[in-house]
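# Summary of structural features
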Amino acid sequence: MANEVILLDFWPSMFGMRTRIALREKGIEFEYRDEDLWNKSPLLLETNPVHKKIPVLIHNGKPVCESTIQVQYIDEVWSDKNPILPSDPYQRAQARFWVDFIDKKMYDAQRKVWGTKGEEQETGKKEFIELLKTLESELGENTYFGGDDFGYVDIGLIGFYSWFHAYEKYGNLNIESECPKLIAWAKTCMQRESVAKSLPDSEKVIEFVTEIRKKFMLE
Amino acid sequence: MAERSEEVKLLGMWASPFSRRVEIALTLKGLPYEFSEQDIANKSPLLLQSNPVHKMIPVLLHNGKPISESLVILEYIDDTWQHNQILPQDPYDKAIARFWARFVDEQIYVTAMKVVGKVGEERDAAVEATRDLLKLMEKELVGKDFLGGESLGFVDIVATLVAFWLMRTEEVVGVKVVPVEMFPEIHRWVKNLLDVDVIKKCIPPEDEHLNYIRARMDSLKLKSV
């Protein structure tokens, strides 16, 4: 069957990165369309009328919204190669739990690190480092969160790595000294083609964050 | 079904919609389980040990191994005991079901909590916002007996939060958040739910529940004074 896959995305989005990685892990041809979030396309508004957010995965004209839902969908449709979720139900539940944890906690905490000042920023920084330490302890001595194999939790977290230099610059942090194992994990992930192709350059992210901070008058 | 002895235990709370939805799923599958009522104000060592990250109920213990987060638990139950499937089989339909489940928990629930927790203008704004979200759910029910289609499914189980928590709160708060004139489909859906034995069995008894909500609201008011 002819597969038409379109991804409506925004290049610095750590959520969009998840879907990009999943598509590339499976070797799926897709059309990447970068959205201007201050001027959303009619297609974006039509395919995600509820949230009007990226990423939106459009498979043969049918939209799937929410990055974690997209990654699971991709794994289920293209189930013949490179499985993303574990096959064992208990391992699968653990993987879902940790991605849910990342979704619930990471975005807000990292936002405070680069997007606030003073006490709010200090609180945000502490929270953020604590979260990374919790994740690092979950990783343990494993190569990947999935154990020997790159999988769902790795995909759920790695996008944030492209923002680490921005957090360090604006949050005055040294993430490697706090979480060396996590940095080692990230570097291992970056050696995968699917990840290297899907994450933007750290410098570009810093430029982007600088612009946003100007917009919110943090400069 | 597995032949070895299965030990299923649920650490839950009788008035929690998140705990009850797990009970609905276990009951739909005909799975015997031990229910352990937890005191949130005084968390048990077992709860803290089983869910060290969030320290929250519900937690499902399957042969001693813990699973936390109600949506994760529901999917685990469906993955492990594959009869009477809760989620659709088709990947696209499954994606849609997952989307609506998150919508209920992340949008409707969060906004509806403000109806209970706020007063005056802030409450009015919360009521408006909740109604806007419910209009989307209303649309989904047109021409369907359940959110899952012809029979009860994943989204219905999750959305019992709306049917038996949000709508019961109306009586206590004194505001018709979900009036029948505005939401005829939702009201029809609630009636359909009440016709399902498993639902009737697994939702908190109404009077006790209303008293509980009343007591919680009073304690919230005292806190904000």
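Calculation rules
Counting restarts for each chain, with residues numbered from 1 along the sequence as it is written. Lettering for chains starts from A, numbering for ligands starts from 1, and both go in the order in which the items are written. Where totals are concerned, whole chains, interfaces and linings use all residues; where local detail is concerned, this predicted model gives features only for residues with pLDDT of at least 70, and gives and counts side-chain atom pairs only at 80 or more. Calculated side-chain values reflect all of the structure's heavy atoms, with hydrogen atoms and water omitted. Secondary structure elements are taken from DSSP: a helix is a run of H or I of four residues or more, a strand is a run of E of two residues or more, and numbering for both begins at the N terminus. Restricting the calculation to C-alpha atoms gives the radius of gyration, and the globule rule supplies 2.2 Å times the number of residues raised to the power 0.38. Burial status follows relative accessibility: with a 1.4 Å probe on protein chains alone, a residue under 20% of its type maximum counts as buried, one over 50% as exposed, and anything between as partly exposed. Every residue pair with non-hydrogen atoms within 4.5 Å of one another is taken to be in contact. Each accessible area value is a Shrake-Rupley result obtained with a 1.4 Å probe; residue values ignore everything except the protein chains displayed when judging cover. Any Lys or Arg side-chain nitrogen found within 4 Å of a carboxyl oxygen on Asp or Glu counts as a salt bridge. UniProt positions are given in the numbering used here, feature names are shortened, and annotations may be inferred rather than shown by experiment. Two strands qualify as a pair provided that DSSP identifies no fewer than 2 bridges between them. Here the term right-handed applies to a crossover when the path leading from its first strand over the helix to its second strand runs clockwise, the strands being oriented away from the viewer. Start and end positions for the domains come from either an automated domain assignment or a database one. Buried area: the sum, over both parts, of the accessible surface (1.4 Å probe) that disappears when the two are put together. In protein, a polar contact means a hydrogen-donor-capable atom and an acceptor-capable atom, both N or O and within 3.5 Å, with residues adjacent in sequence counting only if both atoms are side-chain atoms; elsewhere, any N or O pair within 3.5 Å suffices. Residue polarity follows a fixed list, in which Ala, Val, Leu, Ile, Met, Phe, Trp, Tyr, Cys and Pro are nonpolar, Asp, Glu, Lys and Arg are charged, and the others, Gly among them, are polar. In predicted models, pLDDT denotes the confidence assigned by the predictor to each residue on a 0 to 100 scale. Axes here refer to lines fitted to C-alpha atoms; in helices the fit is confined to the stretch in contact. Angles between the N-to-C directions go from 0 to 180 degrees. Put simply, angles under 35 degrees are roughly parallel, angles over 145 are roughly antiparallel, angles from 65 to 115 are roughly perpendicular, and the rest are oblique. Two helices that cross are described as forming a left-handed crossing if the nearer one is turned anticlockwise from the farther one by less than a right angle, and a right-handed crossing if clockwise.

## A look at the overall build of chain B
Scanning chain B from N- to C-terminus turns up nine helices and four strands. When its helices and strands are written in sequence order, chain B yields β-α-β-α-β-β-α-α-α-α-α-α-α. For chain B, the C-alpha radius of gyration of 18 Å lies close to 17 Å, the compact-globule estimate for 225 residues. C-alpha extents for chain B along the principal axes are approximately 55 × 45 × 30 Å. Across the 225 residues of chain B, 53% fall into the buried class. The contacts in chain B between residues at least 6 apart in sequence include a share of 69% that link residues at least 24 apart. Accessible area for chain B stands at about 10900 Å²; split by element, carbon and sulfur atoms hold 53% of it.

## Overview of the pattern of salt bridges
As enumerated under the stated definition, the model contains 33 salt bridges over all chains in all. Note that Lys133 of chain A is salt-bridged to Glu178 of chain A, the shortest N-O span being 3.0 Å. Linking Lys133 of chain A in helix α5 (residues 118-139) with Glu178 of chain A in helix α8 (residues 175-178), this pair joins segments that are 45 residues apart in sequence. Judged by its relative accessible area of 38%, Lys133 of chain A is partly exposed. Since its relative accessible area comes to 33%, Glu178 of chain A is described here as partly exposed. With its nearest N and O atoms 3.9 Å apart, the salt bridge here joins Lys144 of chain B to Glu140 of chain B. With a relative accessible area of 24%, Lys144 of chain B lands in the partly exposed category. Taken together, the shared-partner salt bridges connect Glu76, Arg92 and Arg96 of chain A together with Glu75, Asp79 and Arg98 of chain B into one network.

## A closer look at the UniProt feature "domain: GST N-terminal" (unreviewed entry) in chain A
Summarizing the sequence annotation, UniProt attributes the feature "domain: GST N-terminal" (unreviewed entry) to residues 3-82 of chain A in the numbering used throughout. Along residues 3-82 of chain A, the helical share is 36% and the strand share 21%, with 18 Å between the first and last C-alpha atoms.

## What about the pairing of strand β2 (residues 34-37) of chain B?
Residues and elements named next belong to chain B. Taken together, the four bridges between strand β1 (residues 8-12) and β2 define a ladder with parallel strand orientation. Paired with Gly12 across the strands is Glu37, a residue of β2. In terms of handedness, the path from β1 via helix α1 (residues 17-28) over to β2 forms a crossover that is right-handed.

## Side note on the domain arrangement of chain B
Residue and element names in this part refer to chain B. As assigned here, chain B comprises domain 1 (8-80) and domain 2 (91-224). Computed from C-alpha atoms alone, the centre-to-centre distance between domain 1 and domain 2 is 21 Å. Across the boundary between the two partners, domain 1 contributes 16 residues, which contact 22 residues of domain 2. When domain 1 packs against domain 2, the two sides together hide about 1700 Å² of surface, and 75% of this comes from carbon and sulfur. Taken together, the connections running from domain 1 to domain 2 amount to two salt bridges. Close ionic contact of Glu75 with Arg98 constitutes a salt bridge, the shortest N to O distance being 2.9 Å. The interface formed by domain 1 and domain 2 holds five residue pairs in polar contact (both at pLDDT 80 or more) in total. Only α1 and α3 (70-80) provide two or more residues apiece to the side of domain 1 that touches domain 2. No other element matches α1, which puts eight residues into the side of domain 1 that touches domain 2. Broken down by class, the residue content of the side of domain 1 that touches domain 2 amounts to nine nonpolar, three polar and four charged.

## Topic: the confidence of the model for chain B
Averaged over all residues, the pLDDT of chain B equals 94, while 96% of them reach at least 70. Scored by ipTM, the complex comes to 0.96, with pTM at 0.96.

## Considerations on the UniProt feature "domain: GST C-terminal" (unreviewed entry) in chain B
According to UniProt, the feature "domain: GST C-terminal" (unreviewed entry) maps to residues 90-219 of chain B in the numbering used here. Structurally, residues 90-219 of chain B is divided into 77% helix and 0% strand, and its ends, taken at the C-alpha atoms, are 46 Å apart.

## Section: the packing of helix α4 (residues 89-115) of chain A against α3 of chain B
The interhelical angle for the contact between α4 of chain A and α3 of chain B, taken along N-to-C directions, is 160°, at an axis separation of 9 Å. As summarised for this structure, α4 of chain A and α3 of chain B are arranged roughly antiparallel, according to the angle between their axes. Here the hand of the crossing between α4 of chain A and α3 of chain B comes out right-handed. Only Val72, Glu75, Tyr76, Asp79 and Thr80 of chain B of α3 of chain B make contact with α4 of chain A, whose side of the interface consists of Pro89, Tyr90, Arg92, Ala93, Arg96 and Phe97 of chain A. Residues that form the contact of α4 of chain A with α3 of chain B fall into these classes: six nonpolar, one polar and four charged.

## With respect to the sheet that holds strand β3 (residues 56-59) of chain A
Residue and element names in this part refer to chain A. Strand order in this open sheet of four strands is β2-β1-β3-β4, and the pairing throughout is mixed. On the outer flanks of this sheet lie β2 (31-34) and β4 (62-65), each paired with one strand and no other. Taken pair by pair, the neighbouring strands of this sheet meet at an average axis angle of 20°, ignoring direction. Pairing of strand β1 (residues 5-9) with β2, which is carried by four bridges, proceeds in the parallel orientation. Residue pairing across strands places Leu7 opposite Tyr32, the latter belonging to β2. Where helix α1 (residues 14-25) meets the sheet, it contacts β1, β2 and β3, and its direction lies at approximately 155° from that of β1.

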